[in-house]
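Read off the chains here:
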Amino acid sequence: MTSVHVTDLVKDYTIRGGLKRTRLRAVDHVSLELTPGRTVALVGESGSGKSTIAKILTRMETPTSGGVKVVRDDGTEVDRAAYRREVQMVFQDPFASLNPFHSIEHHIARPLRIHDRTAAGEETRQRVLEMLERVNLTPAATIAPRRPHELSGGQRQRVAIARALAPGARVLIADEPVSMLDVSIRLGVLNLLGRLQREDDLAVLYITHDLATARHFSDEITVLYRGRVVERGPADAVILDPHHEYTKLLAAAAPDPERLGRVTADAPVDRDAIDNGACYDHFAGEWREAGVPAAEARAAVRD
Amino acid sequence: MTNLKPANTTPVADADPAAPAAPARSGWRSLLPTMTPWLAIGLALVGGIVLFGLIAPLLVGDPRQIRDQGLTPPSAEFWLGTTQTGQDVLAQLAFATRGSLQIGLLVGVLATVLSAFFGIYGAYRGKFLDDAFSLFTNVFLVIPGLPLVIVISGFVPRESRGLWTIAVVLAVTGWAASARVLHAQTLSVRQRDYVAASQVSGERPWRVIVVEILPNLLPVIASQFVFAVIAAILGEAGLSYIGLGASNSATLGTMLFYAQNGFALSLGAWWWFVPPGLMIALFGTGLSLVNFSIDEVINPKLKNLRQHRRRARRALRLERELARASRRTAAVKETDR
Amino acid sequence: MTATPAPPVLTVEDLTVVYEVDEPVTAVRNAGLTLHRGEILGLAGESGCGKTTLAYAVNRLHRPPARIASGRITFHDRSGEDVDLLALDDRELRAFRWDKLSMVFQGAMNALNPVGTVRAQLRDTLLAHRPRMSRKEVQGRSEEVLRRVGVDPRRLGSYPHELSGGMRQRVMIAMAMLLEPQIMIMDEPTTALDVVVQRDILREIVRLRDELDFAVVFITHDLPLLLEISDRIAVMLDGEIVELDTAAGLYRDAKHPYTRKLLGSFPSLSGERGAFIRTGVDQTAGAPTEERA
């Protein structure tokens, strides 16, 4: 089992416009913790830095400062070589994340081979079929030789999940895994992720802008606004009892069938006024300065 | 304007295990262009000329043999007549075609390798290397090709000006444009999630390039290879025509050069210059037709264009009828009132 | 949600749209609905269900190979005159569109001409339909519509890339209401936007409807959103309208199994429904089980 400790993560992008160089802070002192068997939802609007965090966690970007530490249960740290085996990602768009040129089998066989999970040949094939069956793509033998364009969006996303799990991943980053899918199949895919998580005791980071699924799919929610964590806590507490103005705004804005025919006449909010620069931590039950590492916050609770 | 695709292309059901198994198809097959009359003509022309270049030199006599039957028109003995010095034009054409094809193939391969390396590898690695490669490519792009070729060819002494020299000169001056195109294509493919996904899976960079990116660029590369071959054959013909071609080889260009020097045109000896000229033109046509079909693989929209237009016309006609009928009923109602 | 239904503004009867491909595909099958004046009618369904095709066909904006195979579309003008949309010729149709019925397209915020200012694009639309308007009137009207959708009229001189996504979407809505149409068809107008921006725009649409009394056909796959803003909702499946009811009626007592399935696909934000995802135990009956059969 593996857990992830993100401490004080900062990522700056340099934007070149003519001769001027401006710095854009995409991630601003974010701390997170992913533990086996738990799902943490990372919620925020586009541009809030949630995808940047996913890229840093999967080592597609390097942080400007701060660090990501991936630690196994026995206390050993996962090094560079084993990183990709431990930390995997499910991408948002299943229509873009599978190579149109290759068969489904290729997509799952490659990670198996790269990480020496199987010997070549028939054994790999058997493992691919097993992986496909695990994500409920049956009959696996007829799915494996197909190419991505012959599958529906939901089926493709299942393939993407199987690929992510193929190296034997312990940590799964799911970047909006269902937002491109038809609504009636979204819950099926989320349920599948939930089941796999329980079976493998995975640590999951669920990145989304959909508060309703964030609440029901995850144990813990971290709200991101303009690159900063503005609120964190147990899923129900954050959604049902939001403290930060931005979280309140998000919760109020999300469509909710329970509030049928809700009056929509309340005035728009001044976006600059709502950021108080602090983060409400439901675990600690108090406001904290943004950027205090999660571990410290938790430790404070335990004390 | 998003819903212009027919609704049946959208998979409606998700978990559909009962669906009949699709036949196993490899990605390679999708790279093959569909057979159209134009492609068939193109392939026939290219195939025929290549066969001619390969086989004919074994069957004809010595093209350099001088006879005293100068400038005879086509006859039973000499199917394409003779040159001023009594050489068999058919024999010359056979060897010249072979020489031109050699040059074309050589340059095509060299230019494609160069453009693929600088275009794809630079775009994939990004950052400094990309900037350096792009600058290098741009420099070659703005160098005026033909004058440089002339200068280089003129600079190399005639004795050492062999087939390879000419091929290298043509390749070096001809790869840059393709590299730009491949660079842009690679940038777009590299952005796709499946490339990121394979990197996250732990694939090594060379495998990402060769296995994940390259297959999706193959139609573009093939098209550019074909184009490079045409350009090389034409370029070499041009060089030879002005007397700067490879010294020890016979090509269609050298044939034209000698025809020009022998006053074939003013003497009305059409059989001397028409065959090599026609050969170049036909080969270029054939390759272009093949290239159009490859374009359809790159951009499937082109493939469906004609079919789409036909369907659109039919739909429009049927709908006009409906409108007319509904106008008629409206008119009837009006009079009833 | 008025007690007495307002007079109808658009009647669609038995509309069938066919794509003339090798084996003709029926994208919309025998659809019938009545849109009342000042009503927000939601059109819900998943990708490929024909909701966009239906919306385009109503306006006769569908492109071949799609064609209307049968049906009647009647527009009931405020003046009391009835217009048979299928009988209009091209010139009449151009005059009709935008003037009486306008559309906000899916991804419309990227449909603005990138090299023209907002002012130029509003002016072009206005002058195309009202050629005799003076420059002053055009300017006045442009400022007015922008103000209505909550965009500062000083933005008239801006180019699309200088505006945020939400702002561009508002400009598109402003453009759609430029000629005070009686019907506005909106195809996924907020799908690409963040929830907070989406909320602002929905609020604006409802407010404008109250002020100007136009009818709205709101197309989206987001049923919870429709439940909040629409008066009535039509649910489409495979080209057919399988259920049409008031929002409250649909939510409380959905008749068609597909509607129930769609409703069950959205976990509730504040309620308990959906909690089974985390635990793996389905606590409420009727919600979808883990895998579809």
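Taking an unreviewed UniProt entry as the reference, chain B is identified by name as Peptide/nickel transport system permease protein belonging to Glycomyces sambucus. Under the UniProt heading Subcellular location (unreviewed entry), the entry covering chain B gives this text: "Cell membrane".

Where an unreviewed UniProt entry is consulted, chain A appears under the name Peptide/nickel transport system ATP-binding protein, with the organism given as Glycomyces sambucus.

K.L.:
Hey, could you run me through the overall build of chain B in this one?
P.N.:
In terms of helices and strands, chain B carries 12 helices and 0 strands. Reading chain B from its N end, one meets helices and strands in the order α-α-α-α-α-α-α-α-α-α-α-α. Within chain B, the fraction of its 337 residues that count as buried is 39%. Put simply, 72% of the contacts in chain B that link residues at least 6 apart link residues at least 24 apart.

K.L.:
Looking at this structure, how should I read the UniProt feature "transmembrane region" (unreviewed entry) in chain B?
P.N.:
UniProt feature "transmembrane region" (unreviewed entry): in the numbering of this structure it lies at residues 38-60, 103-124, 136-156, 163-182 and 279-298 of chain B. Helix and strand shares over residues 163-182 of chain B are 95% and 0% respectively, and the end C-alpha atoms of the span are 28 Å apart.

K.L.:
Explain helix α10 (residues 245-253) of chain A here, please?
P.N.:
Along an α-helix, a turn takes 3.6 residues, which lines up residues three or four apart on a common side. Taken as a whole, α10(A) has its buried residues at A:Y246, A:T247, A:L250, A:A251 and A:A253. Viewed end-on, α10(A) has its buried residues packed into an arc of 170°, placing them on one side of the element. For α10(A), the elements touching its buried residues are α8 (211-217), β8 (220-225), β9 (228-234) and α9 (235-240) of chain A together with α6 (195-212) of chain C.

K.L.:
In this structure, what is going on with the environment of B:E236? I would like to understand it.
P.N.:
Residue and element names in this part refer to chain B. Mapped onto the fold, E236 is located in helix α9 (residues 205-241). Taking the C-alpha atoms as reference points, E236 and V149, 87 residues apart in sequence, are found 9.7 Å from one another. Sequence-distant contacts of E236, that is, excluding residues within four places in its chain, are made with S100, I103, I166, L170, G245, T251 and G253.

K.L.:
Whenever I open this one, the sheet that holds β9(A) confuses me. Can you help?
P.N.:
Whether parallel or antiparallel, the strands of a sheet pair through hydrogen bonds between backbone atoms. Residue and element names in this part refer to chain A. Strands sit in the order β5-β6-β7-β3-β8-β9-β10-β11 across an open sheet of 8 strands; the sheet is mixed. On the outer flanks of this sheet lie β5 (87-90) and β11 (286-289), each paired with one strand and no other. Adjacent strand axes in the sheet meet at a mean angle of 20°, parallel and antiparallel pairs treated alike. The pairing of β5 with strand β6 (residues 171-175) spans 4 bridges and is parallel.

K.L.:
Help me out: how do you make sense of the domain arrangement of chain B in this one?
P.N.:
A common way to state how big an interface is: give the accessible area lost once the parts meet. With domains assigned, chain B is organised as domain 1 (35-298) and domain 2 (307-337). The C-alpha centroid of domain 2 of chain B is placed 55 Å from the C-alpha centroid of domain 1 of chain B.

K.L.:
Sorry, what's going on with the packing of helix α3 (residues 89-125) of chain B against α9(B) here?
P.N.:
Packed helices, taken two at a time, are described by the angle between their axes plus the distance between the axes. Residues and elements named next belong to chain B. Running from N to C, α3 and α9 point in directions that differ by 140°, and their axes come no closer than 7 Å. As far as their axial angle goes, α9 and α3 are oblique. Relative to α9, α3 is oriented so that their crossing is right-handed. Counted together, S100, I103, G104, L105, V107, G108, A111, T112, S115, A116, I120 and Y124 of α3 and I209, I213, L217, I221, Q224, F225, A228, V229, A232, I233 and E236 of α9 form the full contact between these two elements. Split by residue class, the contact of α3 with α9 holds 16 nonpolar, 6 polar and 1 charged.

K.L.:
Would you take a moment to explain the sheet that holds strand β2 (residues 25-36) of chain C for this structure?
P.N.:
Residue and element names in this part refer to chain C. Taken together, 4 strands build an open sheet; the order of strands is β2-β1-β4-β5 and the sheet is antiparallel. A strand with exactly one partner marks an edge of an open sheet, and here the two such strands are β2 and β5 (82-84). The mean angle between the axes of side-by-side strands here comes to 5°, regardless of whether they run parallel or antiparallel. Pairing geometry for strand β1 (residues 8-19) and strand β4 (residues 66-76), over 8 bridges, is antiparallel. Its bridge partner lying in β4, E13 is registered against R72. In this fold helix α1 (residues 51-58) packs onto β1, β2 and β4, with an angle of close to 65° to the strand it touches most, β2.

K.L.:
Even after reading the chapter, I still don't get helix α2 (residues 37-59) of chain B, so can you show me in this structure?
P.N.:
Residues and elements named next belong to chain B. For α2, built from 23 residues, the straight-helix expectation of 33 Å at 1.5 Å per residue is met to within 8% by its first-to-last C-alpha distance of 31 Å. Of all the bends found along α2, the most pronounced is centred on G53 and spans about 35°, while P57, a proline, follows it within four residues. Of the positions making up α2, those classed as buried are G42, V46 and G53.

K.L.:
Even after reading the chapter, I still don't get the confidence of the model for chain B, so can you show me in this structure?
P.N.:
Caution is warranted with low-pLDDT regions, since their predicted coordinates should not be read in detail. In this model, chain B carries a mean pLDDT of 79, and residues with pLDDT of at least 70 account for 87%. Of the regions scoring below 50 in pLDDT, residues 1-25 of chain B engages in 41 contacts with residues more than four places distant in sequence or in other chains.

K.L.:
Any chance you could explain unusual backbone geometry here in plain terms?
P.N.:
Excluding glycine, residues mostly have negative phi values, and the peptide bonds linking residues are mostly trans. Here A:T138 and A:P139 are connected by a cis peptide whose omega angle stands at -5°. Here A:P139 is to be found in the loop between α4 (122-134) and α5 (140-143). In this structure, A:H29 takes a positive phi of about 50° despite not being glycine. Within the chain, C:N30 stands out as a residue other than glycine whose phi angle is a positive 45°. By the secondary structure assignment, C:N30 is in strand β2.

K.L.:
When you look at the pairing of β4(C) in this model, what are you seeing that I'm missing?
P.N.:
Remark: a regular strand shows side chains that alternate across the two faces of the sheet. Residue and element names in this part refer to chain C. As judged from the 3 bridges shared by β4 and β5, these two strands associate in the antiparallel manner. Following the sheet pairing, F75 is matched in β5 by V83. Taking the residues between adjacent antiparallel strands as the criterion, β4 and β5 are bridged by 5 residues, where G80 takes a positive phi near 100°.

About the cut-offs
Residues numbered from 1 in each chain as written. Chains lettered and ligands numbered in written order. Predicted model: local features only at pLDDT ≥ 70, side-chain atom pairs only at ≥ 80, totals over all residues. UniProt positions renumbered as here; feature names shortened; annotations may be inferred. Helix = DSSP H or I, 4+ residues; strand = E, 2+ residues; numbered from the N terminus. Buried ≥ 20, exposed ≤ 12 C-beta atoms within 10 Å, placed from the backbone. Contact = placed C-beta atoms within 7 Å. Arc of directions from axis to C-beta. Pairing = 2+ DSSP bridges. Axes fitted to C-alpha atoms, helices over the stretch in contact; angles between N-to-C directions. Domains from an automatic or database assignment. Parallel < 35°, antiparallel > 145°, perpendicular 65-115°, else oblique. Left-handed = near helix turned anticlockwise from the far one by under 90°. Nonpolar A, V, L, I, M, F, W, Y, C, P; charged D, E, K, R; others polar. Expected span 1.5 Å × (residues − 1). Bend = angle between axes of the 7 residues up to and from the residue. pLDDT = per-residue confidence, 0-100.

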